[in-house]
Amino acid sequence: MKVNTKTFKVGSKVYCSYCGEKAKEEWSWSNHRPDKHYFTCSCEASEKEKEFYEQKRLIKLQAERDIDELKSKLPQPDKKMIEDKRYQFKLYNLNKKYNKLI
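Residues numbered from 1 in each chain as written. Predicted model: local features only at pLDDT ≥ 70, side-chain atom pairs only at ≥ 80, totals over all residues. Heavy atoms only, no water.

Can you lay out the overall build of the chain for me, pointing to particular residues and giving the numbers?
Across its full length, the chain carries 2 helices and 4 strands. Entry remark: accessible area of the chain is about 9200 Å², with carbon and sulfur atoms responsible for 55%. (Helix = DSSP H or I, 4+ residues; strand = E, 2+ residues; numbered from the N terminus. Areas by Shrake-Rupley, 256 points an atom, 1.4 Å probe, with all protein chains shown as cover.)

See the structure below:
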């Protein structure tokens with residue numbers, strides 16, 4: 001996973017905010033075209049930042065899986081009863097419209 005680490009720009013050059021060295025420029029590609037521009041560094045602090053973002057991504061994925069699992073355990077509505085109530089309502093309104101009450 002590519003991530004931008006903390007950087008700052010001086011003129012046209014981009015430097016790492018942790019160590020002050022020139023940041024490495026990377027691109028992600030989609031359909032043989034550059035898609036997104038990334039600036040990273042290989043210093044220890046930048047590596048920790050990358051690790052943080054990776055852990056954050058994994059935690060979000062796990063949370064989404066847990067939420068989906070909980071949603072699947074929710075009781076489902078009784079669709080037959082709902083359709084029956086709607087049918088009864090339509091039937092009542094049609095009878096009422098034509099003055100033929102049950």
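If you had to explain helix 2 (residues 79–97) to someone new, which residues and values would you point to?
The α-helix advances 3.6 residues per turn, and as a result positions three or four apart in sequence lie on the same side. In this model helix 2 runs 27 Å from its N-terminal to its C-terminal C-alpha over 19 residues, within 8% of the 27 Å that 1.5 Å per residue would give. The positive-phi residue at the C-terminal boundary of helix 2 is N99, with phi of around 55°. (Expected span 1.5 Å × (residues − 1).)

Describe the pairing of strand 2 (residues 13–16), with residues and values.
Because side chains alternate across strand 2, one face comprises the buried residues V14 and C16, and the other comprises K13 and Y15, none of which is buried. Inspection of the sheet shows strand 1 (residues 7–10) paired to strand 2 by 4 bridges, in the antiparallel sense. Each bridged residue has a counterpart across the sheet, and for F8 the counterpart in strand 2 is Y15. The hairpin formed by strand 1 and strand 2 contains 2 residues between the paired strands, and G11 there has a positive phi angle of roughly 70°. (Buried < 20%, exposed > 50% of the residue type's maximum accessible area, 1.4 Å probe, protein only. Pairing = 2+ DSSP bridges.)

Please give an account of the packing of aromatic side chains that cites residues and values.
Throughout the structure, instances matching the rule amount to 2 aromatic pairs. Both rings, one in F52 and one in Y53, keep their centres 5.2 Å apart while their planes meet at 65°; by these two values the pair is edge-to-face. (Phe/Tyr/Trp six-rings, centres within 6.5 Å; stacked < 30°, edge-to-face > 60°.)

Describe the side chain of S46, listing the residues and the values that go with them.
With respect to the element layout, S46 can be found in helix 1 (residues 44–72). Apart from the residues lying within four places of it in its own chain, the contact partners of S46 are T5, C16, Y18 and C41. (Contact = heavy atoms within 4.5 Å.)

Now, about the pattern of salt bridges: what can you tell me, with residues and values included?
Taken as a whole and assessed by the stated rule, the structure comprises 5 salt bridges. For E47, the salt bridge is made with K50, and the minimal N-O distance between the two is 3.4 Å. With E47 and K50 both in helix 1, this residue pair falls 3 residues apart, about one helical turn. Residue E47 is classed as partly exposed on the basis of its relative accessible area of 36%. Note on K50: relative accessible area 24%, which makes it partly exposed. (Salt bridge = Lys/Arg side-chain N within 4 Å of Asp/Glu carboxyl O.)

Give me the state of the cysteines: which residues, what numbers.
Within this structure, the stated rule accounts for 0 disulfides. C43 forms no disulfide, and the closest cysteine sulfur to it belongs to C16, at a distance of 3.8 Å. (Disulfide = S-S within 2.5 Å.)

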